[in-house]
There are 2 protein chains.
Amino acid sequence: MADKKRRRADSDSDSASQPFKNLLKSDAQILQILKSVSSSSSSTSKPLTLADLALSATCREVSDLSLSSVQSTIESLVLQLTHQILSGQGFSFTVPSRSSSNQLYVPELDRIVLKDKSTVRPFSHISSVRKTTITAKILSLVHQLCLKNIHVTKRDLFYTDVKLFQDQVQSDAVLDDVSCILGCTRSSLNVIAAEKGVVVGRLIFSDNGDMIDCTKMGMGGKAIPPNIDRVGDMQSDALFILLVEKDAAYIRLAEDRFYNRFPCIIVTAKGQPDVATRLFLKKMKMELKLPVLALVDSDPYGLKILSVYGCGSKNMSYDSANLTTPDIKWLGIRPSDLDKYKIPEQCRLPMTEQDIKTGKDLLEEDFVKKNPGWVEELNLMVKTKQKAEIQALSSFGFQYLSEVYLPLKLQQQDWL
Amino acid sequence: MADKKRRRADSDSDSASQPFKNLLKSDAQILQILKSVSSSSSSTSKPLTLADLALSATCREVSDLSLSSVQSTIESLVLQLTHQILSGQGFSFTVPSRSSSNQLYVPELDRIVLKDKSTVRPFSHISSVRKTTITAKILSLVHQLCLKNIHVTKRDLFYTDVKLFQDQVQSDAVLDDVSCILGCTRSSLNVIAAEKGVVVGRLIFSDNGDMIDCTKMGMGGKAIPPNIDRVGDMQSDALFILLVEKDAAYIRLAEDRFYNRFPCIIVTAKGQPDVATRLFLKKMKMELKLPVLALVDSDPYGLKILSVYGCGSKNMSYDSANLTTPDIKWLGIRPSDLDKYKIPEQCRLPMTEQDIKTGKDLLEEDFVKKNPGWVEELNLMVKTKQKAEIQALSSFGFQYLSEVYLPLKLQQQDWL
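Residues numbered from 1 in each chain as written. Chains lettered and ligands numbered in written order. Predicted model: local features only at pLDDT ≥ 70, side-chain atom pairs only at ≥ 80, totals over all residues. Heavy atoms only, no water.

(A) Fine view of the environment of Leu349 of chain B. Within the secondary structure layout, Leu349 of chain B lies in strand β17 (residues 349–350). Along the chain, Leu349 of chain B and Ala238 of chain B lie 111 residues apart, while their C-alpha atoms are 35 Å from each other. Sequence-distant contacts of Leu349 of chain B, that is, excluding residues within four places in its chain, are made with Tyr159 of chain A together with Lys385, Gln386, Lys387 and Glu389 of chain B. (Helix = DSSP H or I, 4+ residues; strand = E, 2+ residues; numbered from the N terminus. Contact = heavy atoms within 4.5 Å.)

In structure tokens:
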């Protein structure tokens, strides 16, 4: 019963119910628009650093160090500690403070950095003897990792001495301290987080020596590697990176091979961004110099996720330079899209009290304030008290996202 | 400071602290053992089905149907409903019951199946008019998916008519009903779950037409595709499949390229098994005829995860034939391993009241009872009230898992 004619008839009737499909230009025209955007984006100058702003005296950032640098930094530190003990000054670490009072949003850099406050952690004090011991132990474990050149998870670290650490929260916190003490990123320590993200589309890169072609990864895509230091040789003919909040939208785009129609790289962390996906996105942006367009839910949580990719989380602000991707554009679903694309009332959800509070809090955040377009959208969201998921577009047909909404957004360069 | 000599010295001192390393035979000898196991496993006869047991009259199972079969089954059903209405019998669906009173554990098959009870869902009754309407809507949406040959998530389905479904729980439940009504698996309906699992090692397969070589997937591995119907052409020279509960252990084995030393396929769903990973494991087991060895935490939850892979979850018992992988072996970490491998006391965790209750409940389950070795292990766990994670092995060094524990387990064929 299912002959080709019927299939075509079905897709025709379908197009009638897909609003705005008639506004779409030809793919060639849209590609032309994207090419001009992409070339203007790649010509931007080198990103600013703390040093450029003459802030490096009062602010602190860590950097990626090679394994042998981490190793020799630890060895120098231990030597210095030994001298300190021998000269009668006792055994203590000087640890940069990671508390929120020591954090600063730098508008020029558009991210949170650490200020220069430090605390002393002496061994000979009842309140800090345990933490000092844990710090020494973590330093010794990291030194081992350098010697062996292997990666482990935070959970592995914890299990090397459960008696001392008592609780993984303690070893995790000291691990962040050790990053700050050594002035290097957590990935330089060879301690990695579980992987969560996937990538598909016009990207070729090497993962631990294997060349991966992400146009040939079927529908499942390639799992983003947990250790960014073994990722390299990125090549791409994409015109932009499409950052997707959730996997349902990712699956739709991967199955439709959206990246073949509009050359792009599609990446998702399946919800809250993990460190591996943030590092991977940053590396793509820096090496390939492509604009990053974000497709998130139209709710405060979607914007929050965007901000973690863009400006970093407060918890790891010491490493914001490596973890954050500057200049991410908010493509959709934006609060103004709900009316613009006539999303049916029943597909919009009322915001909870907590949602509204989160939305209002976001309006106070520096990274939102500096973008007037975002402020306007967020104000609209809080005013209408309505939110919507990317999936709400399914009310116009399952493929409305890939066939109409996204192409039209690209054609109109409708991002903020 | 970090020259080669120091590295070697370090690894020597390390081996002294790795218990049982001296018991290890050469890799060639272990490989010989594995080959004999693998060949005996692949010679097993065709797995039993309900029909073999003459239970098909009283038990019900769904099967994988092609897209065009699903389409014509829906069309026949609608035709039949029309006749029913025209003949004055009214509009109603006959829906197989999925309640636990209608479930049966079949020891010969080692999985849960549905019995033959059905309920009638009439349109002309106030208590079922909504559910009947939802059923008709879901049937129509699935029919659309057949015509277009695309895959969507449950969330996409929900958003096509939020007003009708009200809550995703309702559309999800009816989707399972529709599987049972049509007698086909949920993946045959082209409705897929988000992907979660990853695979790495000695496996080549096609994902949506792309050939994937899992020995060349770096450390990140290949994301398991959400739609099993586009997975095929599996080839492998592996001797076994290593099913890993959590990603920390997976990362260790992937980085160490354990599959090069002992040819195997390593797969994990990163915790609770999802449908895509279960289907993928089943397909590997069936096509490649390899033994499946499971590496899970030594706690009731680890065994529970093993049971979901092996015997299915109660919620989807109508599809247990397609979702479950028979004859999974419990490699470790087993309760008896804690003493056998001298896991330090501080790396063992006390079981909570809830853990102990779950453990005792498991002892009552048919799938545990039928394996005396499992009963013994579980009794030991409940008696000692101790649990341990795979990561507890890190107390002997980060690579103890891949360098000593697993090779020794394989050498001794120490699985149940």
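(B) Up close: the relation of the copies chain A and chain B. Each copy of the sequence occupies a distinct position, and chain A is placed on chain B by a rotation of 180 degrees and an axial shift of 0.0 Å, giving an RMSD of 0.0 Å. Taken together, the turn and the small shift mark the pair as related by a two-fold rotation axis. (Least-squares fit on C-alpha atoms with pLDDT ≥ 70 in both.)

(C) Region of the structure containing the packing of aromatic side chains. Residues and elements named next belong to chain A. What the rule picks out here adds up to 18 aromatic pairs over all chains. With a centroid separation of 5.3 Å and 70 degrees between ring planes, the pair formed by Phe20 and Tyr341 is classed as edge-to-face. Here Tyr341 lies in the loop between α13 (335–340) and β17 (349–350) and Phe20 lies in the loop between α1 (4–16) and α2 (27–42), a separation of 321 residues in the sequence. Look at Tyr341 and you get buried, because its relative accessible area is 2%. In textbook terms, an aromatic cluster arises when at least three aromatic residues are bridged by ring pairs, as seen for Phe20, Tyr341 and Tyr405. (Phe/Tyr/Trp six-rings, centres within 6.5 Å; stacked < 30°, edge-to-face > 60°. Buried < 20%, exposed > 50% of the residue type's maximum accessible area, 1.4 Å probe, protein only.)

(D) Geometry of helix α16 (residues 372–384) of chain B. All names here are of chain B. An ideal rise of 1.5 Å per residue puts 18 Å on 13 residues; α16 measures up with 18 Å between its terminal C-alpha atoms. Residues of α16 that are buried include every one of Gly373, Trp374, Glu377, Leu378, Met381 and Val382, and no others. Down the axis of α16, the sector holding all buried residues measures 165 degrees, keeping them to one side. Turned more than 90 degrees away from the buried face of α16, the exposed residues are Pro372, Glu376 and Lys383. Packing partners of the buried residues in α16 comprise α11 (300–311), β16 (328–332), α13 (335–340), α14 (353–363), α15 (366–369) and β18 (386–387). Positioned one or two residues after α16, Lys385 has a phi angle of 55 degrees, which is positive. (Expected span 1.5 Å × (residues − 1). Arc of directions from axis to C-beta.)

(E) Quick look at the side chain of Ser128 of chain A. All names here are of chain A. Counting through the fold element by element, Ser128 comes out in the loop between β5 (118–122) and α4 (129–148). Owing to a relative accessible area of 10%, Ser128 belongs among the buried residues under this scheme. The residues contacting Ser128, other than those within four sequence positions of it, are Arg121 and Pro122.

(F) Spatial organisation of the interface of chain A and chain B. Taken together, the contact between chain A and chain B spans 69 residues of the former and 69 residues of the latter. Buried surface at the junction of chain A and chain B, summed over both partners, amounts to about 5900 Å²; 54% is from carbon and sulfur atoms. Linking chain A with chain B are six salt bridges, by the criterion used here. Among the ionic pairs, Asp210 of chain A bridges to Arg257 of chain B, the shortest N-O distance being 3.1 Å. Connecting chain A to chain B are 32 residue pairs in polar contact (both at pLDDT 80 or more). Here the side of chain A that touches chain B gets seven residues from one element, more than from any other, and that element is α4 of chain A. Split by residue class, the side of chain A that touches chain B holds 29 nonpolar, 17 polar and 23 charged. (Buried area = accessible area lost by both parts, 1.4 Å probe. Salt bridge = Lys/Arg side-chain N within 4 Å of Asp/Glu carboxyl O. Polar contact = N/O pair within 3.5 Å; in protein donor to acceptor, adjacent residues only side chain to side chain. Nonpolar A, V, L, I, M, F, W, Y, C, P; charged D, E, K, R; others polar.)

(G) Just the sheet that holds strand β9 (residues 204–207) of chain B, in detail. Residues and elements named next belong to chain B. Taken together, three strands build an open sheet; the order of strands is β10-β9-β12 and the sheet is antiparallel. If you trace the sheet from one side to the other, it starts and ends with β10 (210–213) and β12 (231–235), each paired once. Pairs of neighbouring strands in the sheet enclose a mean axial angle of 20 degrees, with direction left out of account. Where β9 and β10 come together, four bridges link them in antiparallel fashion. Residue pairing for β10: Ser206 is matched across the bridge by Met211. Sheet strands in contact with helix α10 (residues 275–288) are β9 and β12, and its direction is about 45 degrees off that of β12. (Pairing = 2+ DSSP bridges. Axes fitted to C-alpha atoms, helices over the stretch in contact; angles between N-to-C directions.)

(H) Representation of the packing of helix α11 (residues 300–311) of chain A against helix α14 (residues 353–363) of chain A. Residue and element names in this part refer to chain A. The geometry of α11 relative to α14 is characterised by a closest axis approach of 9 Å and an angle of 40 degrees between their N-to-C directions. In terms of axis orientation, α11 runs oblique to α14. Considering only the axes of α11 and α14, their crossing is left-handed. In this structure, α11 uses Pro300, Leu303 and Lys304 to contact α14, whose residues at the interface are Asp355, Thr358, Gly359 and Leu362. When its residues are assigned to classes, the contact of α11 with α14 shows three nonpolar, two polar and two charged. (Parallel < 35°, antiparallel > 145°, perpendicular 65-115°, else oblique. Left-handed = near helix turned anticlockwise from the far one by under 90°.)

(I) Main features of the state of the cysteines. Within this structure, the stated rule accounts for zero disulfides over all chains. Its sulfur unpaired, Cys180 of chain A is 9.2 Å from the next cysteine sulfur, which belongs to Cys184 of chain A. For Cys59 of chain B, which is in no disulfide, the shortest distance to another cysteine sulfur is to Cys180 of chain B and amounts to 13 Å. Take Cys59 of chain B: its relative accessible area is 7%, and that puts it in the buried class. (Disulfide = S-S within 2.5 Å.)

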